[in-house]
Amino acid sequence: SQTIHQWPATLVQPVGSPLSLECTVEGTSNPNLYWYRQAAGRGLQLLFYSVGIGQISSEVPQNLSASRPQDRQFILSSKKLLLSDSGFYLCAWSVGPYNEQFFGPGTRLTVL
Amino acid sequence: QKEVEQDPGPLSVPEGAIVSLNCTYSNSAFQYFMWYRQYSRKGPELLMYTYSSGNKEDGRFTAQVDKSSKYISLFIRDSQPSDSATYLCASLNQAGTALIFGKGTTLSVSS
């Protein structure tokens, strides 16, 4: 069966520091991969999605970036965090034409 | 207008009640719809998905799509305290590349 891992689970970072969040999927090949941010009262915001290694689409222009160095690995990064980057970051994967997405456990990021 | 809208609640019901959760969507080209359940501080989990109009049943849960009114519903029968969570509706976008989520409705079932 398929599983999705995210780490770290919780992160507290100062403003201006770098960020690296990692997501890996097991038990499937060539999945579509997604990064979302969930802020209180604002729902799920799609940040990036990837249909293959090295293929990244950005949905929202901001100081975050994403990379997919391997088929089942998706990384979210920032060079300098802002206060507004605080939130719950979720990675998801999907296969097939109807895009049913399956989410990881999330990373709670607090920027101070 | 948001493409998928959902009343955030909160919605409080007693154990055993029938719960109705609803969303509306604006794009008549949307055809594929999903419901997710999210417990506090956890990732969303896929509950059900439906294609086009009609009903789909899975145990105590029924998903319904009314394309004429652009209305999506999730019914929970015999609600349990363990159903207390935030419920998110979603629609596959026209290009088929991404899901568009509502903001979620928070449900509390009291014993």
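Structure report, in brief. (Residues numbered from 1 in each chain as written. Chains lettered and ligands numbered in written order. Predicted model: local features only at pLDDT ≥ 70, side-chain atom pairs only at ≥ 80, totals over all residues. Heavy atoms only, no water.)

**Topic: the nonpolar core**
Filter applied, for reference: We call a set of buried Ala, Val, Leu, Ile, Met, Phe, Trp, Tyr and Cys residues a nonpolar core when their side-chain atoms join them within 4.5 Å. Burial status follows relative accessibility: with a 1.4 Å probe on protein chains alone, a residue under 20% of its type maximum counts as buried, one over 50% as exposed, and anything between as partly exposed. In this description a helix means any DSSP run of H or I spanning at least four residues, a strand means any run of E spanning at least two, and both kinds are numbered starting from the N terminus. Contact between two residues is taken to exist if any of their heavy atoms lie within 4.5 Å; hydrogens are not considered.
Counting 24 residues, the largest nonpolar core has Trp 35, Leu 74 and Tyr 87 of chain B as the members making the most contacts within it. Secondary-structure elements contributing two or more residues to this core are strand E3 (19-25), strand E4 (32-38), strand E5 (45-51), strand E7 (61-66), strand E8 (71-76), strand E9 (85-92) and strand E11 (105-110) of chain B. No other element matches E3 of chain B, which puts 4 residues into this core. When residues no more than four places from it in sequence are discounted, the contact partners of Tyr 87 of chain B are Gln 6, Leu 21, Trp 35, Tyr 36, Arg 37, Leu 47, Phe 61, Leu 74, Ile 76, Gly 104, Thr 105 and Leu 107 of chain B. One finds Ile 4, Leu 21, Leu 81 and Leu 109 of chain A within the second-largest nonpolar core, a separate group that totals 20 residues.

**A short note on the pairing of strand E6 (residues 55-58) of chain A**
Within a regular beta strand, the side chains point alternately toward one face of the sheet and then the other, so they alternate between its two faces. Threshold: Two strands are counted as paired when DSSP detects at least two bridges linking them.
Direction of pairing for strand E5 (residues 43-52) of chain A relative to E6 of chain A: antiparallel, over a ladder of 3 bridges. Looking at the pairing, Phe 48 of chain A lines up with Ser 58 of chain A of E6 of chain A.

**Regarding the environment of Phe 48 of chain A**
Residue and element names in this part refer to chain A. Of note, Phe 48 is situated in strand E5. Along the chain, Phe 48 and Leu 64 lie 16 residues apart, while their C-alpha atoms are 9.3 Å from each other. For Phe 48, the contacting residues outside a window of four places in its chain are Leu 33, Tyr 34, Trp 35, Ile 56, Ser 57, Ser 58, Leu 64, Ser 65, Ala 66, Phe 74 and Leu 76.

**Quick look at the side chain of Thr 50 of chain B**
Residues and elements named next belong to chain B. Mapped onto the elements of the fold, Thr 50 is located in strand E5. Residue classification places Thr 50 among the buried positions, given a relative accessible area of 7%. Contact partners of Thr 50, with chain neighbours within four places excluded, come to Gln 31, Tyr 32, Phe 33, Lys 56, Ala 63 and Val 65.

**Section: the interface of chain A and chain B**
Defined as follows: For any pair of parts, buried area is found by adding up, for both, the accessible area (1.4 Å probe) each one loses once the two are put together. Criterion for a salt bridge: a side-chain nitrogen of Lys or Arg within 4 Å of a carboxyl oxygen of Asp or Glu. Here a polar contact means two N or O atoms within 3.5 Å. Within protein one must be a hydrogen donor candidate and the other an acceptor candidate, and residues neighboring in sequence count only if both atoms are side-chain atoms. Residues are grouped as follows: Ala, Val, Leu, Ile, Met, Phe, Trp, Tyr, Cys and Pro are nonpolar; Asp, Glu, Lys and Arg are charged; all remaining types, including Gly, are polar.
Contacts between the two partners involve 21 residues from chain A, matched on the other side by 18 residues from chain B. Both sides of the chain A and chain B interface together cover about 1,500 Å² of buried area, and 60% of this is carbon and sulfur. The three residues of chain A that bury the most area against chain B are Leu 44, Tyr 98 and Glu 100 of chain A, which together make up 28% of that side's buried surface. At the junction of chain A with chain B, the criterion picks out 0 salt bridges. Run the count over chain A and chain B and you get 2 residue pairs in polar contact (both at pLDDT 80 or more). Counting only elements with at least two residues in the side of chain A that touches chain B, the list comes to strand E4 (32-39), E5, strand E9 (87-94) and strand E10 (102-103) of chain A. If you tally residues by element for the side of chain A that touches chain B, the top one is E5 of chain A, at 4 residues. A class-by-class count of the residues in the side of chain A that touches chain B yields 12 nonpolar, 6 polar and 3 charged.

**Focus: the sheet that holds E8 of chain B**
Residue and element names in this part refer to chain B. Under the convention used in this document: Under this scheme, a helix contributes an axis fitted over its contacting stretch, all axes are lines through C-alpha atoms, and angles between N-to-C directions fall in the 0 to 180 degree range.
Spatially, E1-E3-E8-E7-E6 is the arrangement adopted by the 5 strands of the open sheet, whose pairing is antiparallel. The open sheet is flanked by strand E1 (4-6) and strand E6 (54-58), the only strands paired with a single partner. Averaged over all pairs of adjacent strands, the angle between strand axes in this sheet comes to 20°, irrespective of strand direction. Of the strand pairs in this sheet, E3 and E8 are connected by 6 bridges, and their pairing is antiparallel.

Just geometry here; none of it tells us what the structure is for.
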